[in-house]
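# Observations on chain architecture
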Amino acid sequence: MPVPPTDEVLAALRAELAARDPALARAHAEAPALSWRVRPGGFEGLVWMIVGQQVSTASAAAIWARLKAGLGTVTPETVRLHDIESLRSLGLSLPKARYVHALAGAGFDGAHLSGLDDALATEALTTLKGIGRWTAEVYLMFCEARSDIFPSGDIALQEAVRWADGLTERPGPDQVAARARAWGPHRSTAAHLLWAWYGAVRRGEVPPPLRPDR
């Protein structure tokens, strides 16, 4: 399994990013200590990413617990023992049940991705049914510990970029992707930093950024 950076390395990288780009200074000052988000890779990891699509973290965790309890282990073999309706009874929506069933049928294990660069690995993942760019990118970040990924379609990251740059409107995925190029080759660390800051603001641990017109 790929080894993510230690908390100490992340602390040094976030400080480096804030020094390079003053727009990240407030995020660096206010965000809690960072730990790399780690998930199992392969089939189980990608199923987890499907479960987490467009739902809250708490909802995803509850659905995942129910799915694991029903399957025992989350493998292509155990999924293939269940039809679509059985997977729905374990908490998956109809589209997600179909995606997971198709993934099991494709025999995905992720092994082929290690020899591909980020762009090709993302492209390979998005050929799978139900796997869009966001899902592919968070899989590569969390399950493969890739260091230069920035999921620009993530709403929380878009909002944090808006705060960092003092924008009136939330930027779209293309604008965020272009902005994040300044943070390479440590875009994954920048994403973790902005997520941590966003979470701290939403939990009320730090003051919300002022609107640009105030």
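What this report covers is the structure whose coordinates are included nearby. Bear in mind that the values here come from a model prediction, so they are computed numbers and not experimental data.

A cis amide bond links G184 with the next residue in sequence, P185, at an omega value of 0°. By the element assignment, P185 lies in the loop between helix 11 (173-180) and helix 12 (187-202). Although it is not a glycine, Q54 sits at a positive phi angle of roughly 60°. Relative to the assigned elements, Q54 resides in the loop between helix 3 (42-51) and helix 4 (57-71). Of note, A145 is a non-glycine position whose phi angle comes to about 55°, a positive value. You can see A145 is positioned in the loop between helix 9 (133-142) and helix 10 (155-165). A residue is classified by how much of its surface remains accessible, and A145, at 17% relative accessible area, is buried.

Another aspect to go through is the packing of aromatic side chains. Across all of its chains, the model carries six aromatic pairs by this definition. When the ring of W163 is compared with that of W197, the centres are 5.4 Å apart and the planes differ by 80°; the resulting orientation is edge-to-face. With W163 in helix 10 and W197 in helix 12, the pair connects residues that are 34 residues apart, well separated along the chain. Assigned by exposure class, W163 and W197 land together as buried. Both rings, one in W163 and one in Y198, keep their centres 5.5 Å apart while their planes meet at 15°; by these two values the pair is stacked.

Reading the values: the criteria
Residues numbered from 1 in each chain as written. Predicted model: local features only at pLDDT ≥ 70, side-chain atom pairs only at ≥ 80, totals over all residues. Heavy atoms only, no water. Helix = DSSP H or I, 4+ residues; strand = E, 2+ residues; numbered from the N terminus. Buried < 20%, exposed > 50% of the residue type's maximum accessible area, 1.4 Å probe, protein only. Phe/Tyr/Trp six-rings, centres within 6.5 Å; stacked < 30°, edge-to-face > 60°.

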